[in-house]
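In case you want the letters, here they are:
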Amino acid sequence: MNKYLTDRLNTAGPGGCWLWTGCLTGPGYARYLGAEHRGMLVHRVIYEIFKGKIKGDLDHLCNVRHCCNPDHLEDVTTAENLRRQVVRGTHKNSKKTHCHKGHKFDNDNTYRYPDGRRKCRACRRDRERQPN
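Thresholds applied
Residues numbered from 1 in each chain as written. Predicted model: local features only at pLDDT ≥ 70, side-chain atom pairs only at ≥ 80, totals over all residues. Heavy atoms only, no water. Helix = DSSP H or I, 4+ residues; strand = E, 2+ residues; numbered from the N terminus. Buried < 20%, exposed > 50% of the residue type's maximum accessible area, 1.4 Å probe, protein only. Polar contact = N/O pair within 3.5 Å; in protein donor to acceptor, adjacent residues only side chain to side chain. Core = buried A, V, L, I, M, F, W, Y, C linked by side-chain atoms within 4.5 Å. Contact = heavy atoms within 4.5 Å. Phe/Tyr/Trp six-rings, centres within 6.5 Å; stacked < 30°, edge-to-face > 60°. Disulfide = S-S within 2.5 Å.

Draft legend 1. Here's a closer look at the environment of Arg8. Take Arg8: it is sitting in the loop between α1 (3-7) and β1 (9-10). With a relative accessible area of 28%, Arg8 lands in the partly exposed category. Along the backbone, Arg8 and Cys23 are 15 residues apart, and their C-alpha atoms lie at a distance of 9.2 Å. A polar contact of 3.1 Å, which involves the side chain of Arg8, links it to the backbone oxygen of Tyr4.

Spelled out as structure tokens, the structure:
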């Protein structure tokens, strides 16, 4: 690994995480600003150095977005990565408390699909009442 990477990795993080101490993206992923891989996400660069070419998406098994430990990353399909995010409650929509029309996501107003997705029952009723 080059000096840019090694200077910004804390390999003694909690739970064995290799924590990036450099620049982060808005959602909290480690961003590479060195010359040779400029703009790439650090966990992807590190994974390819240690494990080889990435075929799909990398899932952070530790749920720490700025962790770059290749043993904490798994190469999965995009669909599987999204499914895992929903199940863990880390998907951006999992944090929403209201639907796009302002109805509250609570037990009475929320339909939950088996895969973890949610739909607003009030919006569904409104759609069904509208004439075709």
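Draft legend 2. The nonpolar core, seen in detail. One finds Tyr4, Leu5, Leu9, Trp18, Trp20, Ala30, Tyr32, Val42, Val45, Ile46 and Cys68 forming the largest nonpolar core, which totals 11 residues. Elements that contribute at least two residues to this core include exactly α1 and α2 (42-50). Setting aside residues no more than four positions away along its own chain, Val42 makes contact with Leu5, Trp20, Ala30, Arg31, Tyr32 and Cys68. Of all hydrophobic cores here, the second largest spans 5 residues; its members include Phe105, Cys120, Ala122 and Cys123.

Draft legend 3. Molecular detail of the packing of aromatic side chains. Throughout the structure, instances matching the rule amount to 4 aromatic pairs. Ring geometry for Trp18 and Phe50: centres 5.6 Å apart, planes at 75°, overall edge-to-face. Taken as a pair, Trp18 in the loop between β1 and β2 (19-20) and Phe50 in helix α2 lie far apart in primary sequence, 32 residues in all. A relative accessible area of 46% means that Phe50 is categorised as partly exposed. Aromatic pair Tyr111 and Tyr113: ring centres 4.9 Å apart, planes at 90°, arrangement edge-to-face. When its relative accessible area of 26% is taken as the criterion, Tyr113 is described as partly exposed. A network of ring pairs unites the aromatic residues Tyr4, Trp20 and Tyr32 as a single cluster.

Draft legend 4. Structural context of the state of the cysteines. Across all of its chains, the model carries 0 disulfides by this definition. With no disulfide of its own, Cys62 lies closest to Cys67 among cysteine sulfurs, the gap being 3.8 Å.

That is the geometry; function is a separate question.
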